[in-house]
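Listed below, chain by chain, are the residues.
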Amino acid sequence: MPRLYSSHHIIYILKYTLLSLSLAVTIISCKNRNIEKPPPERDKAKQEAIVEKYLTDSARQYSYYSKEWGKYIDMGLKEDSTIAYLWQQKAMPLFKQGKYEMGMQYLDKAVFYDKDNYLNYRGFIKCIFAKTYREAIVDFEEAIARHGNGHIMDHSYKFYIALSYCS
């Protein structure tokens, strides 16, 4: 009986089959990951000056709900879109009006640019106001992993996790 493939051919075929499979697995796993770029380095003095100019000296002269408030916050963000505090201040009036989905878009940006200071706040908003309990639990568990069982708005992160499980 004649051989169809030599042992050299079989090794060649196996080698490229394994290579193709590993390449396919790598591509699929990279495609399924939510890869975010880390926030850029910030010039804190410059950012503080922008907050003072557009929030302290301008927006705060008006009501949260006024067009002027939004206009000045947007001007500050136009100058530096990496200022987490301005994103949080843009979200706040929307939360106060019960527009949680709209506000969460902006709060997500605050968390992206300054996770250490806004992750726990986002968890609080999700738990108490938006009532997205599973998402709140995720935020508080990450906050605990990063900093231990801290507090926000007079209660511990574990308190909010328990409240979320009970709701």
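Everything that follows concerns the structure shown earlier in this document.
Residues numbered from 1 in each chain as written. Predicted model: local features only at pLDDT ≥ 70, side-chain atom pairs only at ≥ 80, totals over all residues. Heavy atoms only, no water.

Side note on the environment of S63
Item 1. Mapped onto the elements, S63 comes out in the loop between helix 2 (44–56) and helix 3 (67–79).
Item 2. Here S63 falls in the partly exposed class, since its relative accessible area comes to 39%.
Item 3. Distance in space between the C-alpha atoms of S63 and P93 is 9.2 Å, their sequence separation being 30 residues. (Helix = DSSP H or I, 4+ residues; strand = E, 2+ residues; numbered from the N terminus. Buried < 20%, exposed > 50% of the residue type's maximum accessible area, 1.4 Å probe, protein only.)

Observations regarding the nonpolar core
Item 1. Residues L55, I73, L86, L107, I125, F140 and I152 are the most contacted members of the largest nonpolar core, which totals 35 residues.
Item 2. Counting only elements with at least two residues in this core, the list comes to helix 2, helix 3, helix 4 (84–96), helix 5 (100–113), helix 6 (115–130), helix 7 (133–147) and helix 8 (157–166).
Item 3. Among all residues touching L107, those that are not within four sequence positions of it are Q88, A91, F95, Y121, R122 and I125. (Core = buried A, V, L, I, M, F, W, Y, C linked by side-chain atoms within 4.5 Å. Contact = heavy atoms within 4.5 Å.)

Let's talk about helix 2
Item 1. Taken as a whole, helix 2 has its buried residues at Q47, I50, V51, Y54 and L55. Angular distribution of buried residues about the axis of helix 2 spans 100 degrees; they occupy a single face of the element. For helix 2, the exposed residues set more than 90 degrees away from the buried face come down to A45 and E48.
Item 2. Residues of helix 2 that are buried make contact with helix 3 and helix 4. (Arc of directions from axis to C-beta.)

Overview of the packing of helix 6 against helix 8
Packed helices, taken two at a time, are described by their axes: the angle between them and the distance between them.
Item 1. Interaxial distance between helix 6 and helix 8 falls to 10 Å at its minimum, and their mutual angle equals 30 degrees. With respect to their mutual orientation, helix 6 and helix 8 come out roughly parallel. The handedness of the crossing between helix 6 and helix 8 is left-handed. The residues of helix 8 that touch helix 6, namely those facing N120, F124, C127 and I128, are Y157, Y160, L163 and S164.
Item 2. A per-class count over the contact of helix 6 with helix 8 returns six nonpolar, two polar and no charged. (Axes fitted to C-alpha atoms, helices over the stretch in contact; angles between N-to-C directions. Parallel < 35°, antiparallel > 145°, perpendicular 65-115°, else oblique. Left-handed = near helix turned anticlockwise from the far one by under 90°. Nonpolar A, V, L, I, M, F, W, Y, C, P; charged D, E, K, R; others polar.)

Here we look at the pattern of salt bridges
Item 1. Taken as a whole and assessed by the stated rule, the structure comprises eight salt bridges.
Item 2. Here K115 and E142 are joined by a salt bridge, their closest N and O atoms 3.1 Å apart. Of the two residues, K115 is situated in helix 6 and E142 in helix 7; the sequence distance between them amounts to 27 residues.
Item 3. Among the ionic pairs, R146 bridges to D116, the shortest N-O distance being 2.8 Å. Of this pair, R146 sits in helix 7 while D116 is found in helix 6, placing the two residues 30 residues apart along the sequence.
Item 4. The structure contains a network of salt bridges with shared partners spanning D108, R122, K126, E135 and D139. (Salt bridge = Lys/Arg side-chain N within 4 Å of Asp/Glu carboxyl O.)

A word on the packing of helix 4 against helix 6
Item 1. At their nearest, the axes of helix 4 and helix 6 sit 12 Å apart, and the two run at 10 degrees to each other. With respect to each other, helix 4 and helix 6 are oriented roughly parallel. Contacts between helix 4 and helix 6 involve A84, Y85, Q88 and F95 from the first element and Y118, Y121 and I125 from the second.
Item 2. In the contact of helix 4 with helix 6, the residues fall into six nonpolar, one polar and no charged.

None of this, on its own, says anything about what the molecule does.
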